[in-house]
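# Analysis of the macromolecular model
One-letter residues, chain by chain:
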Amino acid sequence: LAKTTQPPSMEAYEGQEVNVSCSHTNIATSEYIYWYRQVPHQGPQFIIQGYKDYVVNEVASLFISADRKLSTLSLPWVSLRDAAVYYCIVTDSTSGGNYKPTFGKGTSLVVHP
Amino acid sequence: NAGVIQTPRHKVTGKGQEATLWCEPISGHSAVFWYRQTIVQGLEFLTYFRNQAPIDDSGMPKERFSAQMPNQSHSTLKIQSTQPQDSAVYLCASSLDTGGRQDTQYFGPGTRLLVL
């Protein structure tokens, strides 16, 4: 299974756009990329997922490099509520596949007023 | 939809005692996952079930830990002879598994276990 590498922490001010990168150099063709975030005293919450190119939803956008070895989660106009630990995981999502997500330690985003 | 329910939210046990943690997945979800989270190790996968059958328990410590899913509505994680290093937040998640692409996971709030 592919492992991911993320910066341990980032800081931003309210209203800024934040881009969190994730390296997954050994990603397999059957693996998808998922992003979750976790605030204290709660379980992780799904943000967005993708396989290639560009994905956008009402919360964030996800850019995946052409070789799929790098993904970037983009959070527009962050607020204090976006302060959380952001996890990038890659996992084989096919039924019967080796679905064993590895969350690691994530990226801790600090948002300043 | 109440989401994934985990009970108890907090549990304190003495060293050597048994701890049983409960998880009720979202109705209709066929996959259930257990994770352990500590500051040092982060969020670690333990085991998962699909349609109540154990699929992968490679993250489970080989001794003292066991997980079961006797029916669609709940799963248990049991830790025998608890040790201080078992202190962690234990998270349960569930997801749809439609036979195609795996769906996203929905996490419960976790059970915070403290072993004294």
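The structure we're discussing is the one just above.
Residues numbered from 1 in each chain as written. Chains lettered and ligands numbered in written order. Predicted model: local features only at pLDDT ≥ 70, side-chain atom pairs only at ≥ 80, totals over all residues. Heavy atoms only, no water.

## Describing the pairing of strand β8 (residues 74–79) of chain B
Residue and element names in this part refer to chain B. Threshold: A simple rule labels every residue: compare its accessible area, found with a 1.4 Å probe on the protein chains alone, to the largest value its type can have, and call it buried under 20%, exposed over 50%, or partly exposed in between. Only DSSP runs of H or I covering at least 4 residues are called helices, and only runs of E covering at least 2 are called strands; the numbering of each starts at the N terminus. Pairs of strands are assigned from DSSP output, requiring at least two bridges between the strands.
In terms of burial, β8 is largely enclosed, as five of its six residues are buried. Where strand β3 (residues 19–24) and β8 come together, five bridges link them in antiparallel fashion. In the sheet register, Trp 22 faces β8, and the bridge partner there is Thr 76.

## Concerning the state of the cysteines
Residues and elements named next belong to chain B. Stated precisely, the cut-off is as follows: Note on terminology: pairs of cysteine sulfur atoms within 2.5 Å are recorded as disulfides.
As enumerated under the stated definition, the model contains two disulfides over all chains in all. For Cys 23, the disulfide goes to Cys 92, at an S-S distance of 1.8 Å. Classification of the bridge connecting Cys 23 and Cys 92 rests on its S-S torsion, roughly -65°, and on that basis the disulfide is left-handed. In this pair, Cys 23 is assigned in strand β3 and Cys 92 in strand β9 (residues 88–95), connecting sequence segments 69 residues apart. Accessibility assignment for this pair places Cys 23 and Cys 92 in one class, buried.

## Considerations on the pattern of salt bridges
Worth spelling out the cut-off: We count a salt bridge whenever a side-chain nitrogen from Lys or Arg sits within 4 Å of a carboxyl oxygen from Asp or Glu.
Here the structure, examined in full by the defined rule, presents three salt bridges over all chains. Ionic pairing is found between Asp 82 of chain A and Arg 37 of chain A, a salt bridge with its closest N-O pair at 2.9 Å. Of the two residues, Asp 82 of chain A sits in the loop between β7 (70–75) and β8 (84–92) while Arg 37 of chain A sits in strand β3 (residues 31–38), which places them 45 residues apart along the sequence. We classify Arg 37 of chain A as buried; its relative accessible area is 17%. A salt bridge links Glu 44 of chain B to Arg 36 of chain B; its shortest N-O distance comes to 3.4 Å. Under the relative-accessibility criterion, Glu 44 of chain B is labelled partly exposed at 23%.

## Side note on the packing of aromatic side chains
Residues and elements named next belong to chain A. Note the following rule: Only Phe, Tyr and Trp rings take part, Trp by its six-membered ring, and two of them pair if their centres are within 6.5 Å. Stacked means planes under 30 degrees apart, edge-to-face means over 60, and tilted covers everything else.
Counted under the stated rule, the structure contains twelve aromatic pairs over all chains. Arranged with centres 5.6 Å apart and planes meeting at 75°, the rings of Tyr 87 and Phe 103 form a pair that is edge-to-face. A residue pair is termed long-range when its members are at least 10 positions apart, and Tyr 87 in strand β8 and Phe 103 in the loop between β8 and β9 (107–112) qualify at 16 residues. Accessibility expressed as a relative area gives 1% for Phe 103, which makes it buried.

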